[in-house]
Structure formats: structure tokens, C-alpha cells
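Descriptive analysis of the structure
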Amino acid sequence: MNIVLAGMPGCGKTTVAKLLEKCGKKSYDTDAQIVKEHGEITEIFKNFGERYFRELETVAVKTLCGLDGIVIATGGGCLLKTENVKLLKSNGKIIYLRTLPQTLVNRLKGDATRPLLAGGQEERINKLYGERAQIYERAADLIIDTDGLNPEQIVQRILQIL
């Protein structure tokens, strides 16, 4: 069974996935898979739009769900597609790394690599959080509140729960 990390951009999915590798779990990142195969996400958004990116994301999810016993760090919008949620749950537990918007704003200050947060980052984070929080909560098998925790503590909580 796979461990699937989900949540807002900046909640720590990729960092936590890398730390879980130290526990013997191979980790993959859907965004990194897309970059490896198709180029930078900002360029994909600019040249082809978000809809095309979401299609690439589903292809990455299908590929990764074919593996077993891995950690999958999903992109922030990955769970917006019901198909992705079903695929990820078919061989995994979805863990929502719930993080308050202000914490995300603090973590992402100066990060220009996220196309959906371009232009008024704090406002965009609050808007996305409002749109996505319930989607993450409904899809999650487990929820871990990450505010005030460092990545190692988040990993410990995941390992204790699982």
C-alpha cells in the first residue's frame, strides 16, 4: 500500500516524502514526474494552460499508482480531480497535511515557482485554501495538522498512525 501526501502548496508534502525515504520508503512527487517528462510547470501553464497540466498530472498519478509500497507527494491541485482521488485510494492511504493559510504564506514568501500563486500570493493562497480545504478533507483517510510541527515531527505522526 502507498502513502499519499496531499495538501496545499507549501504544506511540506515533498519534504515529508523525502524524509520517509529514510524509513525505507521510495518517494515520488507528481510535479517532479511531470517536470522530468514535460519540462517546467510554469512553462506548461504558460504554453498550454492549467487544464493540460491537470491531464499530465492524471497520467503521472496512473503511473505511480501502478507501484506499491511507495510514498507519493501530490501536487496541490491533484485531488481536485475525482479520477485522481479514486486512483490514489485504489492502492493507498491519502494523508492530508493540513496547514493554516498564514503558515503557508510565511513559508512561500518569495517563491516564484508556483504559477497558481503568482500575483498577490497571500490573496491567492487564501482563495485556494477556501476552494480546496473541504476537497482535501473529504478525500483524506488521515488528517495531520502541521502548524507548529517540523517535518520530522510530521513523519513521526505518520509512522505512529500507520
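Please refer to the structure placed before this passage.
Because the structure is a prediction, the values reported are computed rather than measured. (Residues numbered from 1 in each chain as written. Predicted model: local features only at pLDDT ≥ 70, side-chain atom pairs only at ≥ 80, totals over all residues. Heavy atoms only, no water.)

Of the regular secondary structure elements, the chain holds 8 helices and 5 strands. When its helices and strands are written in sequence order, the chain yields β-α-β-α-α-α-β-α-β-α-α-β-α. Relative to the compact-globule value of 15 Å for 162 residues, the chain shows a C-alpha radius of gyration of 15 Å, a close match. In terms of overall dimensions, the chain has a C-alpha envelope of 40 × 35 × 25 Å along the principal axes. Residues classed as buried in the chain amount to 45% of the 162 residues present. Intrachain contacts of the chain at a sequence separation of at least 6 include 71% that bridge at least 24 residues. Accessible area for the chain stands at about 8200 Å²; split by element, carbon and sulfur atoms hold 51% of it. Each charge class in the chain can be summarised by its mean position, and for the 23 positive and 20 negative side chains these summaries are 3 Å apart. (Helix = DSSP H or I, 4+ residues; strand = E, 2+ residues; numbered from the N terminus. Rg over C-alpha atoms; globule rule 2.2 N^0.38 Å. Buried < 20%, exposed > 50% of the residue type's maximum accessible area, 1.4 Å probe, protein only. Contact = heavy atoms within 4.5 Å. Areas by Shrake-Rupley, 256 points an atom, 1.4 Å probe, with all protein chains shown as cover. Lys, Arg positive; Asp, Glu negative; His and termini not counted. Charge placed at Lys NZ, Arg CZ, Asp CG, Glu CD.)

At a closest axis distance of 9 Å, the pairing of helix α2 (residues 30-38) and helix α4 (residues 50-65) adopts a crossing angle of 110 degrees. In terms of orientation, α2 lies roughly perpendicular with respect to α4. Of the residues in α4, those touching α2 at Thr 30, Asp 31, Gln 33, Ile 34 and His 38 are Phe 53, Leu 56, Glu 57, Ala 60, Val 61 and Leu 64. Class assignment of the residues belonging to the contact of α2 with α4 gives a composition of 6 nonpolar, 3 polar and 2 charged. (Axes fitted to C-alpha atoms, helices over the stretch in contact; angles between N-to-C directions. Parallel < 35°, antiparallel > 145°, perpendicular 65-115°, else oblique. Nonpolar A, V, L, I, M, F, W, Y, C, P; charged D, E, K, R; others polar.)

What the rule picks out here adds up to 3 aromatic pairs. Residues Phe 45 and Phe 53 carry aromatic rings whose centres are separated by 5.1 Å and whose planes lie at 40 degrees to one another, so their mutual orientation is tilted. Since its relative accessible area comes to 16%, Phe 45 is described here as buried. Residue Phe 53 is classed as buried on the basis of its relative accessible area of 3%. On the basis of an interplanar angle of 40 degrees and a centroid distance of 5.0 Å, the ring pair of Tyr 96 and Tyr 136 is categorised as tilted. (Phe/Tyr/Trp six-rings, centres within 6.5 Å; stacked < 30°, edge-to-face > 60°.)

Glancing now at the side chain of Arg 54. Take Arg 54: it is sitting in helix α4. Of the polar contacts made by the side chain of Arg 54, one reaches the side chain of Glu 57; its length is 2.9 Å. (Polar contact = N/O pair within 3.5 Å; in protein donor to acceptor, adjacent residues only side chain to side chain.)

Turning to helix α5 (residues 82-90), a few remarks are in order. Here α5 has its buried residues at Asn 84, Val 85 and Leu 88. On an axial view of α5, the arc spanned by its buried residues comes to 100 degrees, and they lie on one face. Residues of α5 that are exposed and angled more than 90 degrees away from the buried face: Thr 82, Lys 86 and Ser 90. Looking at the packing, one finds that the buried side of α5 touches β1 (2-6), α4, β3 (71-73), β4 (92-98) and α7 (121-139). (Arc of directions from axis to C-beta.)

By size, the foremost hydrophobic cluster in this structure holds 40 residues, and its most contacted members are Leu 5, Val 16, Leu 79, Leu 88, Ile 94 and Ile 158. Residue contributions to this core peak at 6 residues, all from α7. Ignoring anything within four residues of it in the chain, the contact list for Val 16 reads Leu 5, Leu 97, Pro 151, Ile 154, Val 155 and Ile 158. (Core = buried A, V, L, I, M, F, W, Y, C linked by side-chain atoms within 4.5 Å.)

For the rest of this paragraph, the subject is the state of the cysteines. All chains considered together, the criterion is met by 0 disulfides. The closest cysteine sulfur to the non-disulfide-bonded Cys 23 is located on Cys 11, 18 Å from its own sulfur. (Disulfide = S-S within 2.5 Å.)

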